Protein chains: 2
Amino acid sequence: MTRLPGKTVERLSEYRRTLLECLIEKKSFIFSHDLAARLHITAVQVRRDLMLIGYSSVLRKGYDVRELIDTIGKIIDSEESMNVAVIGIGNLGRAVAGYFKGKRSKLSLVASFDNDPQKVNKVISGVKCYPYSEIERVVKELDIKIAILTVPPDFAREISEETVRFGIKGILNFTTIPLNVPSGVHLEEYDMITSIEKVAYFVKDNKI
Amino acid sequence: MTRLPGKTVERLSEYRRTLLECLIEKKSFIFSHDLAARLHITAVQVRRDLMLIGYSSVLRKGYDVRELIDTIGKIIDSEESMNVAVIGIGNLGRAVAGYFKGKRSKLSLVASFDNDPQKVNKVISGVKCYPYSEIERVVKELDIKIAILTVPPDFAREISEETVRFGIKGILNFTTIPLNVPSGVHLEEYDMITSIEKVAYFVKDNKI
DNA sequence: TGAGGGATGTTAATAATTTAACAATAAATC
DNA sequence: GATTTATTGTTAAATTATTAACATCCCTCA
Ligand SMILES: NC(=O)c1ccc[n+]([C@@H]2O[C@H](COP(=O)([O-])OP(=O)(O)OC[C@H]3O[C@@H](n4cnc5c(N)ncnc54)[C@H](O)[C@@H]3O)[C@@H](O)[C@H]2O)c1
Ligand SMILES: NC(=O)c1ccc[n+]([C@@H]2O[C@H](COP(=O)([O-])OP(=O)(O)OC[C@H]3O[C@@H](n4cnc5c(N)ncnc54)[C@H](O)[C@@H]3O)[C@@H](O)[C@H]2O)c1
């Protein structure tokens, strides 16, 4: 499979999330325009994305929901479950851990790290919190590949560099500090202040 | 000012965040390539964005950090501070409230809403939590324009429709349910599972 | 005071992404 | 079973976003 555009990968994840809801609604088939409408995009976009992953429906009664879920999984999931850790189990870290735990079968949240003595060696939001000082050992032993970074901004840079040295291959950075990662490591960053400011901009003077 | 592309607005927010850090570092001037490097984008992009907002530096010793912060503020901030509320003050809502409170001078987090009797009429993460049943009155009295939605998914749709009826003009939706809003209301959605799945996809097989 | 260097603002070119167009075809209807 | 209708897969076009190119400007320093 040739490399997919990042935007398509994002949408595949959203398609699957929506399709999983369809299953709950006992809906076994869905038309491209229905799927599109639920995500506020166009039907063409859906069809084009599915074309890119080489999926086509056998019937013309829409896509087989369960089959499409599986197909998307084959594309975006890894064969073996990939292990994830939250670094910094503060307010945001706890929310993320509690939310994410068990949501996806091929992504396992297996550890959190913190340097607060009150927190280490306890189970917090469903995951064991390890002392940050043991991160090298634990990352290697548990084969952790992805880190979700929710430490205070001042530590973000150093911690990201360390974890990469210890074998982390992907980082989701929620701190306000932009990070540098070597090529071969994938980085996603999200700052909610940016989102809110964007909303505010378009609300102001009704720029819609 | 003609309408800016959403991407540019996002970057303006990021520029300002970075520039604010520069102030802390006692840096008063910054070159486009330095600003760009801190955000992992190109200097051309920076210059082009600033061109779009009609900013030009008087000196050629880089941009005046304080001046640029002000200019960006004139573009993306509203004159009067815009009021924001968090709806659903659970794990994520509390993290967001605590984080966001006081971060930006023109965006004031003035209330939260919940329907849990344990939570209402208390100050949580620095904001007063009102009973959800009073939302119509409070939104109008406090002139709240933006809602950050962190309620359980099942309630998201109904709550968003109600709040829009009561005068909300912008929604930042963190629930997993895509929402429909009438035109004239701005909607941003973010799902962290999508981000993690994207990271996982590019980590798998090293698709970098 | 004037040549050189370095950074900017802007237009033009390129690349990425989305949308449109439409032929192909299954299902529904008569 | 012919005809209509609806939906898909795919190519082509349009739009949007990014990058390159370059003339211009200011500062430096000889
Ligand atoms: N709370 C939010 O909604 C939110 C939103 C966006 C971004 N952020 C960012 O996320 C980060 C965390 O926010 P928070 O509200 O959860 O803060 P927090 O203070 O509640 O949590 C930070 C956690 O990191 C731990 N920590 C500190 N230094 C550490 C170190 N060197 N090694 C390991 N652990 C360490 C602390 O013990 C604490 O548990 C911040 O960078 C913040 O800017 C938060
Ligand atoms: N925790 C995360 O990191 C995270 C990440 C992404 C998305 N989300 C989404 O954010 C939402 C909240 O997540 P959470 O982990 O904070 O859940 P939570 O259960 O901790 O919080 C939900 C809050 O909403 C309140 N609530 C419930 N029904 C309400 C109603 N009808 N009106 C007003 N308030 C109501 C509850 O009392 C509770 O305080 C969920 O939709 C979740 O999918 C959470």
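As the structure is a prediction and not an experimental result, all values here were calculated from the model.

(A) The arrangement of the site of ligand 2 in detail. Near ligand 2 lie 22 residues; those nearest to it are Leu92, Asp114, Lys119, Val151 and Phe174 of chain B. Lying at an intersection of chains, ligand 2 is approached by residues of chains A and B. One of the backbone N or O atoms of Leu92 of chain B is found 2.8 Å from an oxygen atom in ligand 2. A distance of 2.6 Å separates an oxygen atom of ligand 2 from a polar backbone atom of Val151 of chain B.

(B) Structural detail: the pattern of salt bridges. For the coordinates displayed, the defined rule picks out 29 salt bridges over all chains. Taking the shortest distance from any N to any O, the salt bridge between Glu25 of chain A and Arg38 of chain A comes out at 3.1 Å. You can see Glu25 of chain A sitting in the loop between α1 (6-24) and β1 (29-30) and its partner Arg38 of chain A sitting in helix α2 (residues 32-39), a full 13 residues away along the chain. For Glu25 of chain A, a relative accessible area of 45% translates into the label partly exposed. A single salt-bridge network, built from bridges that share partners, covers Arg16, Asp77 and Arg104 of chain A together with Glu197 of chain B.

(C) Structural context of the site of ligand 1. Near ligand 1 you find 22 residues, and of these Leu92, Asp114, Lys119, Val151 and Phe174 of chain A are the closest. Interatomic distance of 3.5 Å between a backbone N/O atom of Phe174 of chain A and a nitrogen atom of ligand 1. Between Val96 of chain B and ligand 1, the recorded distance is 3.4 Å, taken from a backbone N or O atom to an oxygen atom. Within the complex, 86% of the 820 Å² of free accessible area of ligand 1 lies under protein. Of all elements in the fold, only α5 (91-100) and α7 (153-165) of chain A together with α5 (91-100) of chain B reach the threshold of two or more residues within the shell around ligand 1. Across the shell around ligand 1, the residue classes break down as 13 nonpolar, six polar and three charged.

(D) Structural detail: the pairing of strand β8 (residues 170-173) of chain B. Residue and element names in this part refer to chain B. Burial of the side chains of β8 extends over both faces: Gly170 and Leu172 are buried on one face and Ile171 and Asn173 on the other. Sheet topology places strand β7 (residues 144-149) next to β8; four bridges connect them, and they run parallel. Across the sheet, residue Ile148 finds its bridge partner in β8, namely Leu172. The parallel pair β7 and β8 is bridged by helix α7 (residues 153-165), and the resulting crossover is right-handed. Looking at chain direction, β8 and strand β9 (residues 186-189) are connected through four bridges and run parallel. Bridging across to β9, Asn173 finds its partner in Glu189.

(E) Structural context of a nonpolar patch on the surface. Together, Phe29, Val58 and Leu59 of chain A line one region of the surface with nonpolar side chains, adding up to about 290 Å² of accessible area. Checked against the element boundaries, Phe29 of chain A lands in strand β1.

(F) Spotlight on the protein's contact with DNA strand D. Of all residues adjacent to DNA strand D, which total 20 residues, the nearest are Ser32, Arg47, Ser56, Ser57 and Tyr63 of chain A. Atoms of DNA strand D within 4 Å of the protein belong to the sugar or the phosphate in 56% of instances, the rest to bases. With respect to DNA strand D, the side chain of Gln45 of chain B contributes an N or O atom lying 3.4 Å from a phosphate oxygen. Where the surface near DNA strand D is concerned, the elements lending two or more residues are α2 and α3 (43-52) of chain A together with α3 (43-52) of chain B. At four residues, the largest contribution of residues to the surface near DNA strand D is made by α3 of chain B. Partitioning the surface near DNA strand D into residue classes produces seven nonpolar, seven polar and six charged.

(G) A look at the protein's contact with DNA strand C. Surveying the vicinity of DNA strand C reveals 21 residues, the closest of which are Arg11 of chain A together with Ser32, Arg47, Ser56 and Ser57 of chain B. Sugar plus phosphate, as a fraction of atoms of DNA strand C within 4 Å of the protein: 62%. Within the side chain of Ser32 of chain B, an N or O atom sits 2.5 Å from a phosphate oxygen of DNA strand C. At 3.0 Å, a backbone N or O of Ser57 of chain B approaches a phosphate oxygen of DNA strand C.

(H) Inspection of the domain arrangement of chain A at higher detail. On domain assignment, one finds that chain A holds domain 1 (6-74) and domain 2 (82-194). Placing the centre of domain 1 of chain A and that of domain 2 of chain A at their C-alpha centroids yields a distance of 30 Å.

(I) Quick look at the interface of chain B and chain A. The partner chain A presents 65 residues to the 67 residues of chain B that form the contact. Note on chain B versus chain A: buried area summed over both sides is about 6,100 Å², and carbon and sulfur give 67% of it. At the junction of chain B and chain A, the tally comes to ten salt bridges. Run the count over chain B and chain A and you get 28 residue pairs in polar contact (both at pLDDT 80 or more). Among the secondary structure elements, those contributing two or more residues to the side of chain B that touches chain A are α1 (6-24), α2 (32-39), α4 (65-76), α5, β7, β8, β9 and α8 (192-203) of chain B. The dominant element in the side of chain B that touches chain A, judged by the number of residues it contributes, is α8 of chain B, at twelve residues. Classifying every residue of the side of chain B that touches chain A by side-chain character gives 33 nonpolar, 14 polar and 20 charged.

Rules used throughout
- Residues numbered from 1 in each chain as written.
- Chains lettered and ligands numbered in written order.
- Predicted model: local features only at pLDDT ≥ 70, side-chain atom pairs only at ≥ 80, totals over all residues.
- Heavy atoms only, no water.
- Near = heavy atom within 4 Å.
- Polar contact = N/O pair within 3.5 Å; in protein donor to acceptor, adjacent residues only side chain to side chain.
- Salt bridge = Lys/Arg side-chain N within 4 Å of Asp/Glu carboxyl O.
- Helix = DSSP H or I, 4+ residues; strand = E, 2+ residues; numbered from the N terminus.
- Buried < 20%, exposed > 50% of the residue type's maximum accessible area, 1.4 Å probe, protein only.
- Areas by Shrake-Rupley, 256 points an atom, 1.4 Å probe, with all protein chains shown as cover.
- Nonpolar A, V, L, I, M, F, W, Y, C, P; charged D, E, K, R; others polar.
- Pairing = 2+ DSSP bridges.
- Right-handed = clockwise from strand over helix to strand, strands pointing away.
- Patch = residues over 30% accessible without salt bridge, like charges linked within 9 Å, V, L, I, M, F, W, Y side chains within 5 Å.
- Domains from an automatic or database assignment.
- Contact = heavy atoms within 4.5 Å.
- Buried area = accessible area lost by both parts, 1.4 Å probe.

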